[in-house]
Amino acid sequence: MRRVDTELYRGKTILVTGASGLYGRALVPRLLALGARVRAVASRAPAVALPDAVDLRVGDLKDSAFADEAATGVDGMFHLAGKRGSVGIQIAQAATMLADNTLICFNALEAARRASVARIVYVSTVSVYPPLDRYVEDQAWSANPHPANQYVAWSKRMAEKLVEAYGVQYGLANIAVVRPVNTFGPFDDFDPKTALVVPALIARAVAGEAPLRVWGDGTAVRDFLYVEDAVDGLLAAYEKGLGAGPVNLGSGRGYAISEVVDAILRHVAGNDGGVFWDKSKPAGEARKVADTARAQALLGFAPKVGLSEGIKRTVAWYRANGPAALARGRG
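What comes next concerns the included structure.

On the secondary structure map, valine 177 appears in strand 7 (residues 175-180). Judged by relative accessible area, valine 177 falls into the buried class, the value being 7%. Considered as a pair, valine 177 and serine 124 are 53 residues apart in the sequence and their alpha carbons are 6.7 Å apart. Beyond its immediate sequence surroundings of up to four residues, valine 177 is in contact with Tyr122, Ser124, Glu160, Val163, Gly245, Pro246 and Val247.

The next subject is the pattern of salt bridges. One pass over the structure, following the stated rule, counts 20 salt bridges. Of the charged contacts in the structure, one is a salt bridge between arginine 204 and glutamate 209, with a shortest N-O distance of 2.8 Å. Through salt bridges that share partners, Arg30, Glu228, Asp232 and Lys304 make up one connected network.

Time to look at empty space enclosed by the protein. Under the criterion given, the structure shown has two cavities of 30 Å³ or more. As for the second largest cavity, its lining consists of Val126, Ser127, Tyr129, Tyr135, His146, Asn149, Glu285 and Lys288. Considered class by class, the residues forming the lining of the second largest cavity number three nonpolar, three polar and two charged.

This brings us to the packing of helix 6 (residues 197-206) against helix 8 (residues 257-267). The interhelical angle for the contact between helix 6 and helix 8, taken along N-to-C directions, is 35°, at an axis separation of 10 Å. By crossing handedness, the relation of helix 6 to helix 8 is classed as right-handed. For the pair formed by helix 6 and helix 8, the contact residues are Val198, Leu201, Ile202 and Ala205 on the first element and Val260, Val261, Ile264 and Leu265 on the second.

A word on the side chain of glutamate 239. Following the sequence through the fold, glutamate 239 ends up in helix 7 (residues 227-240). Judged by its relative accessible area of 13%, glutamate 239 falls in the buried class. Looking at glutamate 239, its side chain comes within polar contact range of the side chain of tyrosine 9, at 2.7 Å.

Pairing within the open sheet is mixed, and its four strands lie in the order 6-15-10-13. Each end of this open sheet is capped by a strand with a single partner; those strands are strand 6 (134-135) and strand 13 (255-256). Where strand 6 lies against strand 15 (residues 287-290), two bridges are found, and the strand directions are parallel. By the bridge assignment, arginine 134 is partnered in strand 15 with valine 289.

Turning to helix 2 (residues 64-71), a few remarks are in order. Within the sequence span of helix 2, burial applies to Phe66, Ala67, Ala70 and Ala71. The arc enclosing the buried residues of helix 2, seen along the axis, measures out at 130°, which places them on a common side. Contacts made by the buried residues of helix 2 are with strand 1 (13-17), strand 2 (37-42), strand 3 (55-58) and helix 4 (94-114). Where helix 2 begins, the side chain of aspartate 63 points an oxygen toward the backbone nitrogen of alanine 65, at a separation of 3.0 Å. Once helix 2 finishes, glycine 73 follows within two positions and takes phi at roughly 80°, a positive value.

Now for the packing of aromatic side chains. How two aromatic rings sit relative to each other is set out by the distance from centre to centre and by the angle between their planes. Scanning all chains against the criterion turns up nine aromatic pairs. On the basis of an interplanar angle of 25° and a centroid distance of 5.3 Å, the ring pair of tyrosine 9 and tyrosine 238 is categorised as stacked. Here tyrosine 238 lies in helix 7 and tyrosine 9 lies in the segment before strand 1, a separation of 229 residues in the sequence. Its relative accessible area of 0% is what places tyrosine 9 among the buried residues. Geometrically, the ring pair formed by tyrosine 166 and tyrosine 170 is tilted, given 6.2 Å between the ring centres and 45° between the ring planes. Of this pair, tyrosine 166 and tyrosine 170 both sit in helix 5 (residues 150-170), four residues apart, roughly one helical turn.

Looking now at the pairing of strand 15. One ladder, built from two bridges, connects strand 10 (residues 221-222) with strand 15; its direction is parallel. Each residue of the ladder has a partner; that of valine 221, found in strand 15, is arginine 287.

Ordered in space as 3-2-1-4-5-7-12, the seven strands form an open sheet in which the pairing is parallel. With partners counted over all chains shown, the strands left at the sheet margins are strand 3 and strand 12 (246-249), one partner each. When the angles between neighbouring strand axes are averaged without regard to direction, this sheet yields 20°. Inspection of the sheet shows strand 1 paired to strand 4 (residues 76-79) by four bridges, in the parallel sense. Bridging across to strand 4, leucine 15 finds its partner in methionine 77. Packing against the sheet, helix 5 makes contact with strand 5 (119-123), strand 7 and strand 12, and its axis sits at approximately 160° to strand 7.

Thresholds, definitions, all that
Residues numbered from 1 in each chain as written. Predicted model: local features only at pLDDT ≥ 70, side-chain atom pairs only at ≥ 80, totals over all residues. Heavy atoms only, no water. Helix = DSSP H or I, 4+ residues; strand = E, 2+ residues; numbered from the N terminus. Buried < 20%, exposed > 50% of the residue type's maximum accessible area, 1.4 Å probe, protein only. Contact = heavy atoms within 4.5 Å. Salt bridge = Lys/Arg side-chain N within 4 Å of Asp/Glu carboxyl O. 1 Å grid on protein atoms, 1.4 Å probe; cavity = no way out; pocket = protein on both sides within 12 Å on 5 of 7 lines; lining within 4 Å. Points joined across faces, edges and corners; volume = space filled by probe spheres on them. Nonpolar A, V, L, I, M, F, W, Y, C, P; charged D, E, K, R; others polar. Axes fitted to C-alpha atoms, helices over the stretch in contact; angles between N-to-C directions. Left-handed = near helix turned anticlockwise from the far one by under 90°. Polar contact = N/O pair within 3.5 Å; in protein donor to acceptor, adjacent residues only side chain to side chain. Pairing = 2+ DSSP bridges. Arc of directions from axis to C-beta. Phe/Tyr/Trp six-rings, centres within 6.5 Å; stacked < 30°, edge-to-face > 60°.

Laid out in structure tokens, this is it:
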């Protein structure tokens with residue numbers, strides 16, 4: 001098990017933006033357990049309350065004054081906030097995805113710089129990469145991002161460039177940049193209209209959709225990461241990754257979408273209606289897998305939860321909590 005440097009957290013005030021989202025809900029309890037004082041930022045009050053010990057600030061990071069207020073007096077920051085969505089949402093809301101994500105990232109990072117926050121983790125995305133079979137960190141700028149993800153990708157790319165510019169202008173090397181693969185788990189967005197592939201399919205399978213309708217033919221290969229493993233990577237980056245350049249967080253292996261669907265149906269007892277592969281719909285790139293050599297060497301990062309086990313845990317959580325939380329709206 002990776003040894004955690006508790007002195008970086010105990011008694012420190014750590015800001016978590018996007019605290020009510022997928023990453024934030026897994027990260028906040030870990031920080032509290034390490035002895036940190038957690039200040040959380042969310043765009044609205046979460047449907048499921050954060051722990052009582054958390055200093056919750058509700059507001060919009062597109063407002064630079066709010067971002068400055070949130071960052072004042074903190075020792076560290078995990079910047080997780082941003083707009084996510086399926087490929088369809090990213091295209092339909094192209095301007096929102098580009099403008100809002102750029103403002104959110106720039107305001108949060110600039111507020112942290114002005115407040116002299118000592119340690120920062122910026123969560124980017126593997127969507128910054130151009131079409132490649134295997135994502136290697138230094139190849140991100142070798143071509144344009146894939147058109148399906150380009151608006152989010154460019155906002156995240158430009159925030160990474162801002163981190164680089166801090167080093168050029170101010171000599172700063174206090175920011176770790178991580179690029180997680182498709183991450184899933186409890187407190188994800190399970191609304192089939194907006195969710196990414198794993199939570200969307202879980203929600204539809206649990207609702208009894210039969211046959212389960214899936215775009216493509218199931219052969220497309222993707223890299224997936226369970227959220228608790230992703231948080232291990234974020235903490236390792238906070239401790240060891242400052243100023244070291246971008247680092248992929250992934251499993252390093254590819255899973256065919258057919259494997260994902262099989263695992264979901266295996267763990268959703270009672271849905272035996274099979275699968276309808278809708279080959280009239282686009283399946284995206286044939287293969288998207290992260291190279292994890294840098295994460296292993298620099299951070300000592302290696303995920304512990306496999307795809308099937310992660311899906312099992314997520315299905316169990318969603319059956320117990322997800323539908324009610326979805327009905328109340330996401331925080």
